[in-house]
Amino acid sequence: MRRIMVLGAGYAGLHAVKQLVAQNPNAEIMLVNRDPYHYDTARLHEVAVGRTDPSEISFNLRETVNPGVTVVIDEVTRIDHDIRAVELRRNGLVFYDYLINALGGASSTPDVPGATGNVLPLITLNDAMSARSHIERVLTDYHLSQNPYDLRIAVCGDGFSAVAFMAALLYQLPGLAKQFGVPAERMEVHCFASNPKPLYRFDPKLTEWIMEYLGSRGVVFHANSRVTHVEPGAVFVGNQTFHANTIVWATGIRGSQVVPVSGYAQKFSRVIVRDDLSVVEADGGWPREFVIGDVSAVPNPQNGRVYPASAQLAIQQADCAAANVLSLMQGGRTFRFVFRPYGTILPLGPHSGVAQLEDSRGNYTRLKGAKVRLLINRMNKYFRDSIV
Ligand SMILES: Cc1cc2nc3c(=O)[nH]c(=O)nc-3n(C[C@H](O)[C@H](O)[C@H](O)COP(=O)(O)OP(=O)(O)OC[C@H]3O[C@@H](n4cnc5c(N)ncnc54)[C@H](O)[C@@H]3O)c2cc1C
């Protein structure tokens, strides 16, 4: 029997598996994932600030995925396209007939000297839980140390995940201060933005509102302040030093570490894909492979710029990749991927948010405040329904 192998159980991989199962192909469907569980990446910031329990944003794969799917819990270390095999850390080489690579993103910490080990990235559920316990530890330390840097949190990054994290954190801070007996008024949140302001390319009116929302709640913005290196308890912007005993790293992602060792054409470890999501080298070489989700780089045909990574993009790519595998298996052709964005929805704590919604004609509607919360709940439900 032929084998369709799906790597990664994030939104992209699980939605692809769901679509494949629905078509009941005459093939084994194998899902490989490093952890025995899925986590909702778009809600990691809630866990990091201690608002949401990890169990609320994760589920066990073997209990949830269709029992007809072979679930392998192991780490992918490399892909050998020529012999059509994936190398797994414990299980060695496993062969495939068709491959959907949905290995997601990795932290950009290796790009900045000293960042690895001294900052808290927010890429995996383990990262989010580490951030949470770190914050609780420094607040506990403050009693003995009376060190003001224990009450200072530096957030490096100015994109959506940095903003979502800061807004969630601001909401939690009074409760954390009370719980750990530290003076709430002395706690500080600093945002290091490499651009003149956060969300630099987002809707200017909504960005202004977000700046006001965060600024009025105490966030100090450091504009044009790209962090150049990190030491324990300190970030450096050029030759300026800034001390903080919690440093959160939300500077965007690069693709999986598997990419550079597997011979792909890549940009920041994201695989550049063709318009049917097959890989660029596929001319006669790797035609049975599709790359989707955060590990892929999909150029927008209108301007050539790579679409920003998002769960909605990952889910739509999974539809296309699954359809392409099934079509190839039946001797058919592949389909072109067309992204239909519905806009951007950004949570700001548990009760607020902003949204820039896009209709099919490319017209935008802006929303902000409490009413966006309903949209966020719907979006999270849509993400979950897409994968289970
Ligand atoms: C804080 C935050 C908030 C976000 N908010 C939104 C939002 O509101 N809306 C939106 O659309 N997007 C949002 N995003 C982006 C969205 O979460 C990602 O684009 C989406 O998760 C990508 O899905 P994916 O399946 O490609 O990757 P992932 O969800 O990262 O899944 C990758 C999977 O592969 C596994 N894996 C990785 N490496 C290996 C390996 N070597 N071997 C085996 N398994 C491996 C991982 O464990 C994981 O299960 C947010 C992201 C973050 C970090």
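Cut-offs used in this document
- Within every chain, residues take consecutive numbers counted from 1 along the sequence as written.
- With pLDDT at 70 or above as the cut-off, local features in this predicted model cover only qualifying residues; side-chain atom pairs require 80 or more to be listed or tallied, and sums for whole chains, interfaces and linings still use all residues.
- Here the side-chain values reflect all heavy atoms present in the structure, with hydrogen atoms and water set aside.
- Put simply, a nonpolar core is a bunch of buried Ala, Val, Leu, Ile, Met, Phe, Trp, Tyr and Cys residues held in one set by side-chain atoms that sit within 4.5 Å of each other.
- Whether a residue is buried, partly exposed or exposed follows from its accessible area with a 1.4 Å probe, protein chains only, as a fraction of its type maximum: under 20%, in between, or over 50%, in that order.
- We count a stretch as a helix when DSSP gives it H or I for four or more residues in a row; a strand needs E for two or more, and each element gets its number in order from the N terminus.
- As used throughout, domain bounds are those supplied by an automatic or database domain assignment.
- We call two residues in contact when some of their heavy atoms are within 4.5 Å.
- Note on terminology: near, applied to a residue and a molecule or strand, indicates that one of the residue's heavy atoms is within 4 Å of it.
- Any N or O atom pair separated by 3.5 Å or less is treated as a polar contact, with the protein-specific requirement of one donor-capable and one acceptor-capable atom, and with residues adjacent in sequence counted only for side-chain atom pairs.
- Only the protein chains shown count as covering a residue, and every accessible area follows the Shrake-Rupley method with a 1.4 Å probe.
- Residues were grouped as follows: Ala, Val, Leu, Ile, Met, Phe, Trp, Tyr, Cys and Pro as nonpolar; Asp, Glu, Lys and Arg as charged; and all remaining residues, including Gly, as polar.
- Salt-bridge detection follows one rule: a side-chain nitrogen of Lys or Arg within 4 Å of a carboxyl oxygen of Asp or Glu.
- Simply put, the buried area is the total loss of 1.4 Å probe accessible area from both parts when two parts are fitted together.
- Angles here are taken between N-to-C directions and fall from 0 to 180 degrees, while the axes themselves are lines fitted to C-alpha atoms, restricted in helices to the stretch in contact.
- When an angle is under 35 degrees it counts as roughly parallel; over 145 it counts as roughly antiparallel; between 65 and 115 it counts as roughly perpendicular; any other value is oblique.
- Criterion used throughout: strands pair if DSSP finds at least two bridges between them.
- Put plainly, a pocket is an open set of points on a 1 Å grid over the protein atoms alone with protein on both sides within 12 Å along at least five of seven lines, a cavity is a set where a 1.4 Å probe fits but cannot get out, and a lining residue has an atom within 4 Å of a point.
- Grid points are joined across faces, edges and corners, and a volume is the space filled by probe spheres set on the points.
- What makes a crossing left-handed is the near helix being turned counterclockwise from the far one by less than a right angle; a clockwise turn instead makes it right-handed.
- Here the expected span of a helix is defined as 1.5 Å times the quantity of residues minus one.

## Some thoughts on the nonpolar core
Okay, so step 1: Ranked by internal contacts, the top residues of the largest apolar core, which has 68 residues, are M5, I79, V86 and I292.
Okay, so step 2: No other element matches the 11 residues that helix α7 (residues 311–329) contributes to this core.
Okay, so step 3: Three or more residues apiece are contributed to this core by two domains, here domain 1 (2–34 + 74–106 + 253–339) and domain 3 (343–381).
Okay, so step 4: Every residue in contact with M5, bar those within four places of it in the chain, is listed here: M30, V32, V86, V94, Y96, Y98, L99 and I100.

## Here we look at the site of the ligand
Okay, so step 1: Around the ligand there are 31 residues in total, and A12, T41, V76, D294 and A311 lie nearest to it.
Okay, so step 2: Within the backbone of V76, one N or O atom sits 2.8 Å away from a nitrogen atom of the ligand.
Okay, so step 3: In isolation the ligand exposes 1,000 Å². Once the protein is present, 91% of that is buried.
Okay, so step 4: Only α1 (11–23), α7 and α8 (372–387) provide two or more residues apiece to the shell around the ligand.
Okay, so step 5: A total of 3 residues in the shell around the ligand trace back to one element, the largest contributor, which is α7.
Okay, so step 6: Taken together, the residues of the shell around the ligand sort by class into 16 nonpolar, 10 polar and 5 charged.

## Considerations on the pattern of salt bridges
Okay, so step 1: For the structure shown, the criterion picks out 14 salt bridges.
Okay, so step 2: Across the pair D141 and R137 runs a salt bridge whose closest N-O atoms are separated by 3.6 Å. Taken as a pair, D141 and R137 lie in helix α4 (residues 125–145) at a separation of 4 residues, close to a single helical turn.
Okay, so step 3: The residue R366 makes a salt bridge to D203 at a minimum N-O spacing of 2.7 Å. Here the residue R366 occupies a position in strand β26 (residues 364–368), and D203 occupies one in the loop between β13 (188–192) and α6 (204–216), the gap between them amounting to 163 residues.
Okay, so step 4: What makes D203 buried here is its relative accessible area of 9%.

## Observations concerning the side chain of Q356
Okay, so step 1: Positionally, Q356 belongs in strand β25 (residues 352–358).
Okay, so step 2: When neighbours within four sequence positions are excluded, Q356 is seen to be in contact with F202, D203, L206, Y342, G343, T344, Y364 and T365.

## So, the domain arrangement of the protein
Okay, so step 1: Domain annotation for the protein reports domain 1 (2–34 + 74–106 + 253–339), domain 2 (109–249) and domain 3 (343–381).
Okay, so step 2: Distance between the C-alpha centres of domain 2 and domain 3: 24 Å.
Okay, so step 3: Across the boundary between the two partners, domain 2 contributes 14 residues, which contact 16 residues of domain 3.
Okay, so step 4: Interface area for domain 2 against domain 3, summed over the two sides, is near 1,300 Å², with a carbon-plus-sulfur share of 78%.

## Brief notes about the packing of α1 against α8
Okay, so step 1: One way to put it is that α1 packs onto α8 with a least axis distance of 7 Å and a crossing angle of 50 degrees. One way to sum up the angle between α1 and α8 is to call them oblique. For the pair α1 and α8, contact is made by Y11, L14, H15 and K18 and by F383, D385, S386 and I387, respectively.
Okay, so step 2: When its residues are assigned to classes, the contact of α1 with α8 shows 4 nonpolar, 2 polar and 2 charged.

## Structural notes on the pairing of β25
Moving residue by residue along a regular strand, the side chains alternate between the two faces of the sheet.
Okay, so step 1: Among the 7 residues that make up β25, 5 are buried, leaving the element largely enclosed by the rest of the structure.
Okay, so step 2: As consecutive antiparallel partners, strand β24 (residues 343–348) and β25 are separated by 3 residues, and within that stretch G349 has a phi angle of approximately 70 degrees, a positive value.
Okay, so step 3: In textbook terms, the turn of a hairpin is the stretch between consecutive antiparallel strands, and for β25 and β26 this stretch comprises 5 residues, one of which, G362, has a positive phi near 85 degrees.

## Details of the layout of surface pockets
Unfilled space is identified by rolling a water-sized probe across the atoms.
Okay, so step 1: In this model, the second largest pocket occupies a volume close to 160 Å³.
Okay, so step 2: If you go around the second largest pocket, the residues you meet are Y342, I345, L357, L375, R378, M379 and Y382.
Okay, so step 3: Sorting elements by how many residues they give to the lining of the second largest pocket places α8 first, with 4 residues.
Okay, so step 4: For the lining of the second largest pocket, a count of residues per class yields 6 nonpolar, no polar and 1 charged.

## Examining the packing of α4 against helix α5 (residues 160–180)
Okay, so step 1: Orientation of α4 relative to α5, taken along the N-to-C sense of each, is 40 degrees, at an axis distance of 12 Å. Comparing the axis directions of α4 and α5 gives the class oblique. For the element pair α4 and α5, the recorded crossing hand is right-handed. On the side of α4, the interface is formed by I135, E136, L139, T140 and H143, while α5 contributes F165, L176 and F180.

## Focus: α1
Okay, so step 1: With 13 residues, α1 ought to run about 18 Å at 1.5 Å a step, and its terminal C-alpha atoms sit 19 Å apart, in line with that.
Okay, so step 2: Of all the positions in α1, only Y11, A12, G13, L14, H15, A16, V17 and L20 are classed as buried.
Okay, so step 3: Positive phi appears at N24, one or two residues downstream of α1, with a value of about 45 degrees.

## Considerations on unusual backbone geometry
Okay, so step 1: In the Ramachandran plot, L199 falls in the positive-phi region, its phi being about 50 degrees despite a non-glycine side chain.
Okay, so step 2: Looking at the element boundaries, L199 is found in the loop between β13 and α6.
Okay, so step 3: The buried category is assigned to L199, whose relative accessible area is 5%.
Okay, so step 4: The backbone of N224 shows a phi angle near 50 degrees, a positive value even though the residue is not glycine.
Okay, so step 5: As for its placement among the helices and strands, N224 is situated in the loop between β14 (219–222) and β15 (229–231).
Okay, so step 6: Since its relative accessible area comes to 53%, N224 is described here as exposed.

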